[in-house]
Amino acid sequence: MPFPIMPELENPFQETLLQRHRAEPCTVVIFGATGDLTNRKLIPALYNVAAEGDLPPQFKVVGFARRDKSDDVFRQELEEGNRKNSRQGHSDELWASFSQSIHYHRSEFEDLEGYKALAELLNKFDEERGAPANRLFYLASAPEAFKPILEMLREAGLSQGVNGKWARVVCEKPFGKDLATARGLNETVAGTFEEKDTYRIDHYLGKETAQNIMVLRFANALFEPNWNSRYIDHVQITCAENLGMEGGRGGYYDTAGALRDMVQNHLFQLLSLVAMEPPTDLSADSVRDEKVKVIRALRPLVGPEAVGANVIRAQYTAGSVDGVSRVGYRQEDRVNPESKTEAYVALRLFVDTWRWQGVPFYIRVGKQLPKKATEISVHFKKPPQVPFATARLPGSSENTLVIRIQPDEGIALRILCKQPGQALSMQQVKMDFRYSGSFGKASPEAYERLLLDAMAGDATLFARRDEVESAWKFIDELEHAWHKSPNPPPMCEYPAGSWGPKEADDLLRQDGREWRLL
Ligand SMILES: NC(=O)C1=CN([C@@H]2O[C@H](COP(=O)(O)OP(=O)(O)OC[C@H]3O[C@@H](n4cnc5c(N)ncnc54)[C@H](OP(=O)(O)O)[C@@H]3O)[C@@H](O)[C@H]2O)C=CC1
Ligand SMILES: O=C1O[C@H](COP(=O)(O)O)[C@@H](O)[C@H](O)[C@H]1O
């Protein structure tokens, strides 16, 4: 059975509607194709796109890595990964036809001859198709390899589309480790691909719930007029993980830390979506223009005093998560026993715009917390007075809008209600919308959406150069205060399995607030 492909469209109206997400026929070349990301995320994402019938016609994947193996062995390895990781399960029949589009190409990243051979292979596919194809180069390698790969692609003449076809590049994270390295990387990319052909992945933007933030805000008359400092008291963004440094991640993580690994990219993207002004249209640049303004408007935190007062960093000590005992951060595999890298960070930020004057945005992210959950909660101000003289407001009485990014994707609104009975007492209740119940099918994985968008030429959900650099500019000051100042703010501690250090609770307590219980 051939795997389903997107049907040709006949109706021009349908054409307009689908235009933005119509993946164009192409060959995807994955650099680092025998790695964990390809096995766990990229191939299962493409397989699920195939299962949905959304792959473009004449689609091919070429995996590029240095170990010697045949197409068949490569396909078998990927099949195992797909069985474990495919969102919609694995069908032998579908895999048999889908996997025929996958090929393996052995080469070192630094070897020009390997790229010339790749060019020959791509030309051979073009001949078989009877026409040249578009090319999507996916850099799923360690970031140090981006430069040689890009230079070799240019040298081998692969970075230009032929005969009116496009050539695009997708760059995995991390995109640099500070402003200087991100700028350097941007220069290298710009020397090979135009910005319009450059797709910097931030997989949080591919999550359905993150995409829904703009719709929730700008398509609902109920929320849009209230989305400002007049009605909103504060916003919290929490990204909790119940894992530590499994799978050898400690080596990379210990060079990055929570701030670089999660805040600079994913959490700043969520913050931008919550705080941005409405874009004038839905083009990639209009949306990204508004998002970058939020990052530029972040009140800078400069010097150890300002950083110490607004940012808490911490490492976990030994503890237990879900009843399983865990070692402390410094005892993790591939982590320096004297590491000064944070596995948790909490921040109090201000977005200095008209809309957000005086509204704190509290962000926290950490490893080895009690559960995996990412959510945004918008806490509304209390009404000026409660007109029930005899009634007492319960402790937690603010209206809260909770956007659950993952898991159990959905939106909940907490409101006050009168408890049934004669006495007038009030209680918070929850109005709850769940994706699983309302849409009757699971949302696509972030990588499915992002791969399709890159094939369709829609960069809305990818980070633009100025967004990345503005975020690093802000983050660099914090890293500087922690690692280069003579009197750095302390590294706090929390037991694995707890909700973080007590200093992070104090950060909100000083403002008369507390973290929402997840
Ligand atoms: N894994 C994940 O869940 C995530 C990963 N990322 C990012 O994706 C990127 C890849 O990560 P991951 O898949 O985990 O990395 P891995 O270490 O698992 O894979 C590295 C890949 O690069 C290849 N490679 C390394 N050196 C060379 C070389 N000199 N020439 C040719 N091939 C080479 C390896 O090939 P060979 O096997 O032949 O040695 C392998 O295919 C990183 O930037 C990472 O930060 C981002 C988000 C999540
Ligand atoms: O980019 C990263 O994200 C993951 C968390 O992603 P999620 O989709 O599972 O929430 C994080 O574990 C990792 O450290 C980071 O590099």
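Within any chain, residue numbers begin from 1 and follow the written order of that chain's sequence. By the order in which they are written, chains take letters starting at A while ligands take numbers starting at 1. The model is predicted, so local features are restricted to residues of pLDDT at least 70 and side-chain atom pairs to those at 80 or more, both for listing and for counting; the totals for chains, interfaces and linings are taken over all residues. Neither water nor hydrogens contribute to the side-chain values; these are computed over all heavy atoms in the structure.

**So, the site of ligand 2**
If a single non-hydrogen atom of a residue is within 4 Å of a molecule or strand, that residue counts as near it. Every residue lining ligand 2 is accounted for by Lys173, His203, Tyr204, Lys207, Glu241, Arg249, Asp261, Met262, His266, Lys367, Lys372 and Gln406. A distance of 2.7 Å separates an oxygen atom of ligand 2 from a polar side-chain atom of Lys207. Two N or O atoms count as a polar contact when they lie within 3.5 Å, although within protein this holds only if one can serve as hydrogen donor and the other as acceptor, and sequence-adjacent residues are included solely when both atoms are side-chain atoms. In the model, an oxygen atom of ligand 2 is placed 2.8 Å from a nitrogen or oxygen of the Lys367 side chain. Calculation of accessible area relied on Shrake-Rupley with a 1.4 Å probe; when residues are assessed, cover is drawn exclusively from the protein chains displayed. Relative to its free-state accessible area of 400 Å², ligand 2 is covered by the protein chains to the extent of 82%. Any residue that is not Ala, Val, Leu, Ile, Met, Phe, Trp, Tyr, Cys, Pro, Asp, Glu, Lys or Arg is counted as polar, Gly included; the first ten are nonpolar and the last four charged. Across the shell around ligand 2, the residue classes break down as 2 nonpolar, 3 polar and 7 charged.

**Things to note about the sheet that holds strand β6 (residues 198–200)**
In a beta sheet, neighbouring strands are held together by backbone hydrogen bonds and run either parallel or antiparallel to one another. Judged by pairing direction, the sheet is parallel, and its 6 strands sit side by side in the order β3-β2-β1-β4-β5-β6 without closing on themselves. Each having just a single partner strand, β3 (102–106) and β6 make up the two edges of the open sheet. Between one strand and the next, the sheet's axes are offset by a mean angle of 20 degrees, whatever the strand orientation. Sheet analysis places strand β1 (residues 26–31) next to strand β4 (residues 134–139), joined by 6 bridges and oriented parallel. Considered in β4, the bridge of Ile30 is made with Tyr138. A pair of strands is considered paired only if DSSP assigns at least 2 bridges between the two. The numbering of helices and of strands both runs from the N terminus, where a helix is a DSSP run of H or I of at least 4 residues and a strand a run of E of at least 2. All axes here are fitted lines through C-alpha atoms, helices being fitted over the stretch that makes contact, and every angle between N-to-C directions spans 0 to 180 degrees.

**So, the environment of Ser325**
Relative to the helices and strands, Ser325 is located in strand β10 (residues 324–326). For Ser325 and Tyr115, which are 210 residues apart along the polypeptide, the C-alpha to C-alpha distance reads 48 Å. Every residue in contact with Ser325, bar those within four places of it in the chain, is listed here: Gly319 and Ser320. Residue contacts follow a heavy-atom distance rule, with two residues in contact if any of their heavy atoms lie within 4.5 Å.

**Digging into the UniProt feature "domain: Glucose-6-phosphate dehydrogenase NAD-binding" (unreviewed entry) in the chain**
Taking the UniProt record as the reference, the feature "domain: Glucose-6-phosphate dehydrogenase NAD-binding" (unreviewed entry) is found at residues 29–212. Span residues 29–212 is 45% helix and 15% strand, its end C-alpha atoms 30 Å apart. UniProt positions are given in the numbering used here, feature names are shortened, and annotations may be inferred rather than shown by experiment.

**Points about the sheet that holds strand β16 (residues 426–434)**
Pairing within the open sheet is mixed, and its 9 strands lie in the order β16-β15-β14-β13-β7-β12-β11-β8-β17. The sheet is open, and its two edges are formed by β16 and β17 (491–495), each paired on a single side. Averaged over all pairs of adjacent strands, the angle between their axes in this sheet comes to 20 degrees, without regard to strand direction. Two elements, strand β15 (residues 410–418) and β16, share 9 bridges in a ladder whose sense is antiparallel. Its bridge partner lying in β16, Arg414 is registered against Lys430. Across the sheet, helix α12 (residues 303–310) is in contact with β8 (311–317) and β11 (344–350); its angle to β8 comes to roughly 65 degrees.

**Regarding the pattern of salt bridges**
When the charged atoms of two side chains lie near each other, side chains of opposite charge can form a pair. The rule for a salt bridge is simple: a side-chain nitrogen of Lys or Arg has to be within 4 Å of a carboxyl oxygen of Asp or Glu. Inspection of the entire model under this criterion finds 43 salt bridges. Arg355 is paired through a salt bridge with Glu277; the nearest N and O atoms lie 2.8 Å apart. Of this pair, Arg355 sits in the loop between β11 and β12 (360–366) while Glu277 sits in the loop between α10 (258–275) and α11 (284–296); the two residues are 78 residues apart in sequence, bridging distant segments of the chain. Relative accessible area decides the class of each residue, using a 1.4 Å probe on protein chains only: under 20% of the type maximum gives buried, over 50% gives exposed, and in between gives partly exposed. Owing to a relative accessible area of 12%, Arg355 belongs among the buried residues under this scheme. Bridged by salt links that share partners, the residues Asp285, Arg288, Asp289, Arg296, Arg464 and Asp466 form one connected network.

**As for unusual backbone geometry**
Following Lys173, the chain continues into Pro174 via a peptide bond in cis, with omega recorded as 0 degrees. Here Pro174 shows up in the loop between β5 (167–171) and α7 (179–190). Cis geometry marks the peptide bond from Gln406 to Pro407, where omega comes out at -15 degrees. On the secondary structure map, Pro407 appears in the loop between β14 (400–406) and β15. Here the phi dihedral of Asn163 falls at roughly 50 degrees; this positive angle occurs in a residue that is not glycine. Relative to the helices and strands, Asn163 resides in the loop between α6 (146–155) and β5. Even without being a glycine, Gln368 presents a positive backbone phi close to 55 degrees. Looking at the secondary structure, you find Gln368 in the loop between β12 and β13 (373–380).

**Points about the domain arrangement of the chain**
Note that the domain bounds were set by an automatic or database domain assignment. Parsing the chain into structural domains produces domain 1 (26–201) and domain 2 (208–443 + 463–510). Here the C-alpha centroids of domain 1 and domain 2 sit 33 Å apart. The partner domain 2 presents 17 residues to the 16 residues of domain 1 that form the contact. Carbon and sulfur atoms supply 47% of the area buried between domain 1 and domain 2, which totals about 1400 Å² over both sides. Here domain 1 is connected to domain 2 by 3 salt bridges. In this structure, the salt-bridge partner of Glu469 is Arg183, at a minimum N-O distance of 3.7 Å. On inspection of domain 1 and its partner domain 2, the count reaches 8 residue pairs in polar contact (both at pLDDT 80 or more). For the side of domain 1 that touches domain 2, the element with the highest residue contribution is α7, accounting for 6 residues. Grouping the constituent residues of the side of domain 1 that touches domain 2 by class yields 5 nonpolar, 2 polar and 9 charged. By buried area we mean the combined loss of accessible area, with a 1.4 Å probe, across both parts when two parts are placed together.

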